[in-house]
Amino acid sequence: MDIMTSLEAMTAKLDRIGRRSIGLIMTKGALHEGHIALIKAARAENEYIIVSSFLHPHEFSSEEAYKLYPRQVEEDQEIASKAGVDFFFCPSYEGLYPNGSSTYVSIYTPLMNRLEGQIHPKYYQSFLTTANLLLSCIRPQRYYISEKDFQKKALLSQLIRDFHYVCEIRVLPTEREADGLIIGSRNTLLESEERRLAPLLYHTLKKAELAYQRGNISSYKLKLLLETEIKRYYRIQLEYVDVLEIERLTSIETIIEEALIVMSIRLGSVRLSDYIYLKK
């Protein structure tokens, strides 16, 4: 596996070997089983796999959150190598933006500023700017992402259409712990009691699913159920809950055929988000 720390070195290498079949996986580092699942899927479909590891300061709600995010570069490189990655791209901020970043990519859609976008106003702008840079320079044929990142996937799809990139988005099932908690890098920041409470997010969503299966199709009632359940635990702070139409991710009042319920909570200093699909 080659380790690259600058975009110039990465693109020069790809120019030499050709760009026949490339799979790209963008990460913030701290690789885990969810990332490994994406790598395995990419390995089966591509000649070359590139995993990027980059922390953009604006993708965090505060400087403290940015500093607290787990960093394990050497371990990540070992994980990536064992999983079959060809190129591990881990630039510093200066390595990716040597002259600073004065140009940003925004998509003029309400989705940019809803859900996760309402918590982190600059989050998707920073993500899309970096994604656009990698898509234009690396030119992958396939981009791999987890189902849990449905909002990111929707915005990235629009970016790909608008810039006419020839790149397919491959969506893989979300990897979870045995107790239902989504596997994620931030889980390591949870204290022991917070880790015990964290799976309640998913199990509460499952209660809403059961209510829907029993005939409750009112978004208001389902959201009230979720808010009431999660507020029973004083250590859990609810950030948002919504019922969405699956394609456009817009809020709906009544579930006709199917829907997506999303909820975000805070446990101590850690934010956790989860979702569940409702289908007849």
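Structure report, in brief. Keep in mind it's a predicted model, so treat the numbers as computed, not measured. (Residues numbered from 1 in each chain as written. Predicted model: local features only at pLDDT ≥ 70, side-chain atom pairs only at ≥ 80, totals over all residues. Heavy atoms only, no water.)

**Examining the sheet that holds strand β2 (residues 22-27)**
Part 1 of the reasoning: On the basis of which strands lie adjacent, the open sheet formed by six strands has the order β1-β4-β3-β2-β5-β6 and parallel pairing. Both outer strands of the open sheet, β1 (2-4) and β6 (168-172), are each paired with one neighbouring strand and no more. Taken over all neighbouring pairs, the strand axes of this sheet differ in orientation by 25° on average, direction set aside.
Part 2 of the reasoning: One ladder, built from two bridges, connects β2 with strand β5 (residues 142-146); its direction is parallel. From the neighbouring strand, Leu 24 faces β5, where its bridge partner is Tyr 143.
Part 3 of the reasoning: Sitting on the sheet, helix α1 (residues 7-17) touches β1, β2, β3 (48-53) and β4 (87-89), and the angle it makes with β4 is about 155°.
Part 4 of the reasoning: Strands β5 and β6 of the sheet are contacted by helix α8 (residues 150-162), whose axis makes an angle of about 170° with β6. (Pairing = 2+ DSSP bridges. Helix = DSSP H or I, 4+ residues; strand = E, 2+ residues; numbered from the N terminus. Axes fitted to C-alpha atoms, helices over the stretch in contact; angles between N-to-C directions. Contact = heavy atoms within 4.5 Å.)

**Notes on the packing of α1 against helix α7 (residues 123-138)**
Part 1 of the reasoning: As a packed pair, α1 and α7 sit with axes 10 Å apart at the nearest point and diverge in direction by 30°. Considering the angle they form, α1 stands roughly parallel to α7. Two secondary-structure elements touch here, α1 through Leu 7, Met 10, Thr 11 and Leu 14 and α7 through Leu 133, Leu 134, Cys 137 and Ile 138.
Part 2 of the reasoning: Considering only residue class, the contact of α1 with α7 consists of seven nonpolar, one polar and no charged. (Parallel < 35°, antiparallel > 145°, perpendicular 65-115°, else oblique. Nonpolar A, V, L, I, M, F, W, Y, C, P; charged D, E, K, R; others polar.)

**Looking at the environment of Pro 121**
Part 1 of the reasoning: Within the secondary structure, Pro 121 is located in the loop between α6 (116-119) and α7.
Part 2 of the reasoning: Here the alpha-carbon distance between Pro 121 and Ser 136, two residues 15 residues apart in the chain, equals 24 Å.

**Re the nonpolar core**
Part 1 of the reasoning: In terms of nonpolar packing, the biggest core is built from 45 residues, with Ile 50, Tyr 143 and Leu 156 touching the most fellow members.
Part 2 of the reasoning: Looking at this core element by element, the count peaks at eight residues for α7.
Part 3 of the reasoning: Setting aside residues up to four positions removed in sequence, Ile 50 forms contacts with Met 10, Leu 14, Ile 22, Gly 23, Leu 24, Ile 25, Phe 87, Phe 89 and Ile 138. (Core = buried A, V, L, I, M, F, W, Y, C linked by side-chain atoms within 4.5 Å. Buried < 20%, exposed > 50% of the residue type's maximum accessible area, 1.4 Å probe, protein only.)

**Looking at the packing of α7 against α8**
Part 1 of the reasoning: The geometry of α7 relative to α8 is characterised by a closest axis approach of 11 Å and an angle of 45° between their N-to-C directions. On the basis of the axis angle, α7 is oblique to α8. Seen from above, α7 lies across α8 with right-handed handedness. Here Tyr 123, Tyr 124, Phe 127, Leu 128, Ala 131, Asn 132 and Leu 135 of α7 come into contact with α8, specifically with Gln 151, Lys 152, Leu 155, Leu 156, Leu 159 and Ile 160.
Part 2 of the reasoning: Here the residues of the contact of α7 with α8 sort into 10 nonpolar, two polar and one charged. (Left-handed = near helix turned anticlockwise from the far one by under 90°.)

**Description of the side chain of Thr 129**
Part 1 of the reasoning: Tracing the sequence through the fold places Thr 129 in helix α7.
Part 2 of the reasoning: Among the polar contacts listed, one links the side chain of Thr 129 to the backbone nitrogen of Val 105, at a separation of 2.8 Å.
Part 3 of the reasoning: Among residues more than four places away in sequence, those in contact with Thr 129 are Tyr 97, Thr 103, Tyr 104 and Val 105. (Polar contact = N/O pair within 3.5 Å; in protein donor to acceptor, adjacent residues only side chain to side chain.)

**A look at the pattern of salt bridges**
Part 1 of the reasoning: Taken as a whole and assessed by the stated rule, the structure comprises 18 salt bridges.
Part 2 of the reasoning: The salt bridge partner of Glu 116 is Arg 271, with a shortest N-O separation of 2.9 Å. Of this pair, Glu 116 sits in helix α6 while Arg 271 is found in strand β9 (residues 270-279), placing the two residues 155 residues apart along the sequence.
Part 3 of the reasoning: With a relative accessible area of 14%, Glu 116 lands in the buried category.
Part 4 of the reasoning: Using a relative accessible area of 4% as the deciding quantity, one classes Arg 271 as buried.
Part 5 of the reasoning: Residues Glu 239 and Arg 266 are paired through a salt bridge, measuring 3.3 Å at the closest nitrogen-oxygen approach. Placement of Glu 239 in strand β7 (residues 236-244) and of Arg 266 in strand β8 (residues 258-267) is noted, with a sequence separation of 27 residues between them. (Salt bridge = Lys/Arg side-chain N within 4 Å of Asp/Glu carboxyl O.)

Note that every value here comes from positions in space, so none of it alone points to a role or purpose.
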